Amino acid sequence: MSGSTYESSPASETTTSTESAAILRIEGLKVHFPTPRGTVKAVDGIDLSIQKGETLGLVGESGCGKSTVARTVVGLVHPTAGRIVLEGREIQGLSAREMRPLREELQMVFQDPYASLNPRMTVASIIGEPFLIHRGQRDADLQICELMSLVGLDPSMRRRYPHEFSGGQRQRIGLARALALDPDVILLDEPVSALDVSVQAQVMNLLDDLKKRLGLTYLFIAHNLAVVRHMSDRVAVMYLGRIVELADRDEIYANPMHPYTEALLSAVPVPDPVIEATRERIRLEGEIPSPTETIVGCPFRARCPKAFDRCATDVPALKEHKQAHWSACHLPEEAS
Amino acid sequence: MSSTADTLLQVDGLRTQFVLDEGTVTAVDGVTFDVKKGEIVGIVGESGCGKSVTNLSVLGLLPKPQGRIANGSVKFEGRELVGLSENELRKVRGNNIAMIFQDPMTSLNPYLTVEEQLVEVVELHLGMSRKDAVAHAVKLLHRVGISDAANRIKSYPHEFSGGMRQRVMIAMALLCDPEVLIADEPTTALDVTIQAQILELLKELRDERGMGIILITHDLGVVAGMCDRVIVMYAGRIVEQAPTHELYASPQHPYTQALLKSVPRLDEAMHEHLFSIEGLPPRLDKGPFTGCTFAPRCPQVRDACHQGEPALEETSPGRHRRCVVPLGELETLA
């Protein structure tokens with residue numbers, strides 16, 4: 001796959017800087033699923049690195065591979081190729097048993113607070129399970145109460161079952177459980193997407209507070225660009241299994257470089273009728289191609305309003321076109 | 001609300017209840033609004049606020065036997081719908097009032113081709129011949145943006161993408177040329193770029209056909225771009241109703257203020273913390289409530305809020321709100 005060989009990669013680049021080394025590094029990651037209809041290239045050669053204490057936002061539409069990235073990092077899915085380095089250790093393709101000690105460093109929180117909690121377990125046993133599994137600790141009542149207070153739940157409710165809690169409270173339960181082993185990195189997969197606006201704001205503020213208090217590092221995955229902007233220090237945009245743009249938060253929102261990022265930003269409705277009435281939308285025709293399709297040239301070409309000849313033949317590599325601003329598009333080179 | 005020649009739908013004092021083993025739950029109470037020709041009316045609110053139940057009541061689609069309209073009236077072009085037989089209601093649905101839902105997969109039959117499903121509707125409601133019915137269905141599929149409609153109509157629902165399925169649903173809703181379209185979270189399951197396409201299509205159809213549209217959504221951005229008027233619901237009640245521009249420029253209910261303030265948005269400078277409304281909406285099965293249902297979470301609560309439920313009052317032509325805090329004393333959120 002020629003498209004995934006970068007001249008320099010955003011993963012290696014950042015680690016050579018004087019900043020502290022990346023706590024999590026993903027290099028050349030590919031996740032391909034064989035299906036009867038052909039190979040689905042869910043993730044097709046991505047490089048990412050996350051610094052300690054940073055929140056990296058990962059955005060993209062359904063099927064772009066953003067959740068697969070997270071699931072591969074925590075070991076729920078085995079990569080086809082590439083390396084995943086957590087605190088200096090390679091962890092790709094480890095078995096569930098080999099992965100277990102790493103749970104004290106790396107945790108994941110899922111989108112659906114209804115599906116990810118066992119309905120037959122009390123909240124205390126859900127939050128306390130990591131202590132039992134990892135430390136053989138049966139009575140962790142004190143820690144459970146502390147964790148519940150930490151995430152804004154009333155510890156006196158610990159004997160209750162998940163269905164007795166609202167969506168926002170269940171997301172807090174999932175978070176308390178993820179925090180039980182005091183991890184360094186948390187992968188958050190659409191953690192507020194299922195929540196109502198008023199509750200979403202509460203959980204976003206909580207995530208922010210916890211990050212500061214506990215010195216956490218987040219990979220924050222979401223499809224909502226306004227939510228990602230609020231949570232992230234840097235943002236990566238995915239399309240069809242690849243990263244098409246990567247930059248600091250303020251830079252990418254103010255000066256998007258890739259036509260897909262531009263279109264995404266212009267499609268987000270703004271809660272202001274005056275702005276909405278005058279806003280120019282970039283209309284993307286069509287839909288995301290099937291991931292089993294073999295695509296020649298730029299994967300975004302078929303929907304890109306700015307596509308030109310070269311896009312049909314060459315896969316654009318992710319390049320640093322501006323200081324710390326990476327884009328996988330031929331346009332900047334064409335312009336210069 | 002006064003009825004004019006343009007008024008298509010008039011809902012007045014609607015109260016909908018569910019009779020459950022645990023007791024009777026009032027899901028919607030005192031809901032009053034109307035929809036005029038060519039108008040898009042947004043109903044916003046969070047889960048459980050009664051926005052969907054309101055529209056199921058309008059359509060006569062409440063789950064039986066638990067759901068019932070306990071009070072109020074729903075009129076289509078002056079004709080009372082509450083109390084109509086199932087047979088008469090079925091004629092109204094489709095011919096006059098059609099609907100589309102969030103997930104087209106739950107409303108389309110996975111075992112039948114799109115042709116079979118669309119043609120069935122046309123034959124049933126319009127009495128067309130098979131051949132004319134197919135031609136009519138193809139024409140509408142083409143109109144909603146399905147290319148190669150004459151062939152695609154032979155496909156099964158799963159062979160379409162989410163966005164295309166929503167287009168099929170819209171075509172199906174338009175088959176009998178309804179005067180009112182109720183769209184319940186029509187783009188919530190779709191990606192933003194596809195959402196933009198579908199919303200654009202709904203606006204075009206409104207312009208072409210002069211349909212009245214009720215757009216139910218939780219997304220205040222979608223409302224801002226689509227609706228002429230907005231109804232804000234909380235705990236089964238309308239708390240505010242206003243022309244869209246006025247509602248966003250000067251919300252007159254503390255809940256509307258707070259809701260607008262808690263949305264992270266792309267067009268504003270970043271704040272360290274998002275504004276958030278503490279607590280949760282009340283559980284409706286814990287009712288009836290003695291005071292304002294928002295009082296326990298309201299930053300501007302005062303004693304009067306607990307003395308009986310505030311009435312929905314008109315503050316200026318076309319603007320209504322349910323709050324005891326006098327307008328002059330209402331604080332705006334910084």
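Time to look at the confidence of the model for chain A. All names here are of chain A. On average, residues of chain A carry a pLDDT of 90, and 94% of them reach 70 or more. Ignoring residues within four places in sequence, the model shows residues 1-7, a span with pLDDT below 50, making 15 contacts including any to other chains. Overall, residues 13-19 carries pLDDT values under 50, and its contacts beyond four positions in sequence, including any with other chains, amount to nine contacts.

All names here are of chain B. Across the sheet, which stays open at both edges, the eight strands sit in the order β6-β7-β8-β3-β9-β10-β12-β11 with mixed pairing between neighbours. Every interior strand has two partners, whereas the edge strands, β6 (97-100) and β11 (313-316), have only one. For this sheet the average axis-to-axis angle between neighbouring strands, irrespective of direction, equals 20°. Pairing between strand β3 (residues 40-44) and strand β8 (residues 212-217): five bridges, direction parallel. Of the residues in β8, the one forming a bridge with glycine 42 is leucine 215.

Strand pairing in a sheet relies on backbone hydrogen bonds. The paired strands run either parallel or antiparallel. All names here are of chain A. Strands sit in the order β2-β1-β4-β5 across an open sheet of four strands; the sheet is antiparallel. The open sheet has two free edges, formed respectively by β2 (38-51) and β5 (89-90), since each of these has just one partner strand. Pairing between strand β4 (residues 81-86) and β5: two bridges, direction antiparallel. Residue pairing in the sheet places leucine 86 in a bridge with arginine 89 of β5. The strands touched by helix α2 (residues 66-73) are β1 (22-35), β2 and β4; relative to β1, the strand with the most contacts, the crossing angle is about 110°.

Residues and elements named next belong to chain B. If you look at the biggest cluster of nonpolar residues, it comprises 70 residues, and the most contacted ones within it are Leu141, Ile170 and Leu175. The element best represented in this core is helix α7 (residues 162-174), accounting for eight residues. The contacts of isoleucine 170, once residues within four sequence positions are left out, are Ile100, Val144, Ile198, Leu201, Leu202 and Leu205.

With that out of the way, let us pick up the packing of aromatic side chains. Under the counting rule described, the total for this entry stands at six aromatic pairs over all chains. Relative to phenylalanine 294 of chain B, the ring of tyrosine 234 of chain B has its centre 5.1 Å away and its plane inclined at 80°; by these criteria the two rings are edge-to-face. Taken together, the residues span a long stretch of sequence, with tyrosine 234 of chain B in strand β9 (residues 229-234) and phenylalanine 294 of chain B in the loop between α11 (254-262) and β11 at a distance of 60 residues. Here tyrosine 234 of chain B falls in the buried class, since its relative accessible area comes to 2%. Phenylalanine 294 of chain B sits in the buried class, given a relative accessible area of 1%. Geometrically, the ring pair formed by tyrosine 255 of chain B and phenylalanine 294 of chain B is edge-to-face, given 5.2 Å between the ring centres and 65° between the ring planes. On the criterion of sequence distance, the pair formed by tyrosine 255 of chain B in helix α11 and phenylalanine 294 of chain B in the loop between α11 and β11 is long-range, its members being 39 residues apart. A relative accessible area of 1% places tyrosine 255 of chain B in the buried class. An aromatic cluster is present here, built from Tyr239, Tyr260 and Phe300 of chain A joined pairwise through their rings.

Conventions we followed
Residues numbered from 1 in each chain as written. Chains lettered and ligands numbered in written order. Predicted model: local features only at pLDDT ≥ 70, side-chain atom pairs only at ≥ 80, totals over all residues. Heavy atoms only, no water. pLDDT = per-residue confidence, 0-100. Contact = heavy atoms within 4.5 Å. Pairing = 2+ DSSP bridges. Helix = DSSP H or I, 4+ residues; strand = E, 2+ residues; numbered from the N terminus. Axes fitted to C-alpha atoms, helices over the stretch in contact; angles between N-to-C directions. Core = buried A, V, L, I, M, F, W, Y, C linked by side-chain atoms within 4.5 Å. Buried < 20%, exposed > 50% of the residue type's maximum accessible area, 1.4 Å probe, protein only. Phe/Tyr/Trp six-rings, centres within 6.5 Å; stacked < 30°, edge-to-face > 60°.

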